[in-house]
Amino acid sequence: MKVVTSIDQVRQQVKAWRQSGASIGLVPTMGFLHEGHQSLMAAAKEQNQKVIVTIFVNPIQFAPNEDLASYPRDLERDKIACQQMGVDLIFCPTASEMYEAHFNSYVDVNGLTEALCGKKRPGHFKGVCTVVTKLFNITQPDRAYFGQKDAQQLAVIKRMVCDLNVDIEIIGCPIVREADGLAKSSRNSYLSATEREAATCLYRAIQCAGEMIAQGERSVDVIAGAMQAIINAEPLAKIDYIEFVDMASFNAIDSLKQDSLCALAVYIGKTRLIDNFIYQPS
Ligand code: PAF
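Okay, so let's go over this structure. Numbering of residues starts from 1 in each chain and follows the order in which that chain's sequence is written. Since the coordinates come from a predicted model, pLDDT governs what is reported: local features require at least 70, and pairs of side-chain atoms require 80 or more to be given and counted, while whole-chain, interface and lining totals use all residues. Based on all heavy atoms of the structure, the side-chain values leave hydrogens and waters out of the count.

1. Here's the deal with the sheet that holds strand β8 (residues 260-268)
Following DSSP output, two strands are said to pair if at least two bridges run between them. Helix numbering and strand numbering both begin at the N terminus, where a helix is a DSSP run of H or I of at least 4 residues and a strand a DSSP run of E of at least 2. Spatially, β7-β8-β9 is the arrangement adopted by the three strands of the open sheet, whose pairing is antiparallel. The strands lining the two open edges of the sheet, one partner per strand, are β7 (237-246) and β9 (271-279). When the angles between neighbouring strand axes are averaged without regard to direction, this sheet yields 15 degrees. The pairing of β7 with β8 spans nine bridges and is classified as antiparallel. Looking at β8, one finds that Lys-238 is bridged to Tyr-267. Only heavy atoms matter for contacts: two residues are in contact if any of them lie within 4.5 Å across the pair. Axis definition: a line fitted to C-alpha atoms, limited for helices to the stretch in contact. Angles are taken between N-to-C directions and run from 0 to 180 degrees. Sheet strands touched by helix α9 (residues 200-214): β7, β8 and β9. Its angle to β9, the strand with the most contacts, is close to 20 degrees.

2. Points about the site of the ligand
Note on definitions. A residue lies near a molecule or strand when any single heavy atom of the residue is within 4 Å of it. In the vicinity of the ligand, the residues found are Pro-28, Thr-29, Met-30, Asn-58, Gln-61, Val-128, Val-131, Phe-146 and Gln-153. A distance of 2.6 Å separates an oxygen atom of the ligand from a polar side-chain atom of Gln-61. A 3.5 Å cut-off defines polar contacts: any pair of N or O atoms within that distance qualifies, except that in protein one atom must be a possible hydrogen donor and the other a possible acceptor, and neighbouring residues in sequence count only when both atoms are side-chain atoms. Contact distances for the ligand include 2.7 Å between an oxygen atom and a side-chain N or O atom of Gln-153. The method behind every accessible area is Shrake-Rupley, applied with a 1.4 Å probe, and residues are considered shielded solely by the protein chains displayed. Alone, the ligand offers 290 Å² of accessible surface; in the complex the protein occludes 89% of this. When contributions to the shell around the ligand are tallied by element, the ones reaching two or more residues are β2 (24-29) and α6 (124-139). In this classification, the charged set is Asp, Glu, Lys and Arg, the nonpolar set is Ala, Val, Leu, Ile, Met, Phe, Trp, Tyr, Cys and Pro, and all remaining amino acids, among them Gly, are polar. Its residues assigned to classes, the shell around the ligand shows five nonpolar, four polar and no charged.

3. Thoughts on unusual backbone geometry
Positive phi values are uncommon outside glycine, yet Phe-32 reaches one of about 50 degrees. Mapped onto the secondary structure, Phe-32 falls in the loop between β2 and α2 (35-47).

4. What to know about the pairing of strand β3 (residues 50-55)
Only protein chains enter the area calculation, which uses a 1.4 Å probe; residues under 20% of their type maximum are buried, those over 50% are exposed, and those in between are partly exposed. Most of β3 sits inside the fold, with five of its six residues counted as buried. Note that β3 and strand β4 (residues 89-91) share three bridges and pair parallel. For Ile-52, the partnering residue across the bridge sits in β4 and is Leu-89. For the crossover that starts at β3, traverses helix α3 (residues 75-84) and ends in the parallel β4, the hand is right-handed. With the strands aimed away from the viewer, a crossover counts as right-handed if its path from the first strand over the helix to the second runs clockwise.

5. A look at the environment of Cys-173
Within the secondary structure, Cys-173 is located in strand β6 (residues 169-173). Accessibility expressed as a relative area gives 7% for Cys-173, which makes it buried. Sequence separation between Cys-173 and Ser-39 is 134 residues; the distance between their C-alpha atoms is 7.5 Å. Once you skip the residues sitting within four places of it in the chain, Cys-173 turns out to touch Leu-40, Ala-43, Tyr-145, Phe-146, Gly-147 and Gln-148.

6. Regarding the packing of α6 against helix α7 (residues 151-163)
Following both chains from N to C, one finds α6 and α7 inclined at 55 degrees, their axes separated by 11 Å at the closest point. Judged by the angle between their axes, α6 and α7 are oblique. With respect to the hand of their crossing, α6 and α7 are arranged in right-handed fashion. Along the contact surface, α6 presents Phe-125, Val-128, Cys-129, Val-132, Thr-133 and Phe-136, while α7 presents Gln-152, Gln-153, Val-156, Ile-157, Met-160 and Val-161. Should an angle fall under 35 degrees it is called roughly parallel, over 145 degrees roughly antiparallel, and 65 to 115 degrees roughly perpendicular, with every other angle called oblique. Here is the rule for handedness: rotate from the far helix to the near one, and if that takes an anticlockwise turn smaller than a right angle the crossing is left-handed, while a clockwise turn gives right-handed.

7. Considering the sheet that holds strand β1 (residues 2-4)
Two strands in a sheet stick together by hydrogen bonds in their backbones, pointing the same way (parallel) or opposite ways (antiparallel). Ordered by their spatial adjacency, six strands build an open sheet running β1-β4-β3-β2-β5-β6, and the pairing between neighbours is parallel. Each edge of the open sheet is held by one strand with a lone partner, namely β1 and β6. Pairwise comparison of adjacent strand axes, ignoring direction, gives a mean angle of 25 degrees for this sheet. The sheet contact formed by β1 and β4 spans three bridges and is parallel. Its bridge partner lying in β4, Val-4 is registered against Phe-91. Most of the contacts of α3 go to β3, to which it runs at about 165 degrees, and overall it touches β1, β3 and β4. Against the sheet, α7 makes contact with β5 (143-147) and β6, and its axis sits at roughly 170 degrees relative to β6, the strand it touches most.

8. Topic: the nonpolar core
Within this scheme, the nonpolar core is defined by two criteria: the residues are buried Ala, Val, Leu, Ile, Met, Phe, Trp, Tyr or Cys, and they are joined through side-chain atoms within 4.5 Å. Phe-136 and Ile-170 are the most contacted members of the largest nonpolar core, which has 46 residues in total. With eight residues, the top contributor of residues to this core is α6. The contacts of Ile-170, once residues within four sequence positions are left out, are Phe-136, Ala-144, Phe-146, Leu-154, Ile-157, Lys-158 and Val-161. Counting residues in hydrophobic clusters, the runner-up holds 27 residues, among them Leu-182, Leu-202, Ala-205 and Ala-224.

That is the geometry; function is a separate question.
In structure tokens, the structure reads:
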């Protein structure tokens, strides 16, 4: 496995792979890798001859009041995880390698980014789309892998690739959860023991919604109300949003229909966690 920090090194390797006819799978990450990332790598490994993992905590997707400085990092541990998954190349650039002094071009997807996390974190998806576009241009993969936990990110990237005719297949992979249901996330490492316990309220709310839906409930107000009650009963939790939207438009809905997304963002102490489920009856 090669570990490189410069764009030129990636380009040289990709060129050689392309000349030999190898297909390339890309797993973009911000590092501090966990089983969720490993499931993306496993999918990439299965479907491509070569796998590139990028590890880059992208400064332009964090607002000034967010956790850029404290975002967890452990490159040595990440290298071992990638090696174990059979990754061929890690690209872990510095911020100055990715954003030179006069950098001033951005990719901004409208519409889908105006709801949910896009509304709560202005500029976030512009930063994500810009860095993902750069990573696509640098690594030129056949396929790129993203987790369904970041459902809005996945939808926005699919929209971007479609709108801009980017010839890369975007593969969404299922949410990977801890034994008690908490969705795997690098940010889980911020949680103290009591907060970690409290964080199970997200999945408990999702399970409750699942049970209500199984019993025939379709009203968003009723289901969201029950979810709120579970989360509000947890003293360390503060709801940022619980919303039901249509997966295609991300417009709010008031009753469940095929391909509805329920997305939630909840603060546990100072840590903001997200989770979601998709309603797909058939
Ligand atoms: O999902 C993430 O880890 C990041 O948003 C991504 C896609 C690597 C872009 O920085």
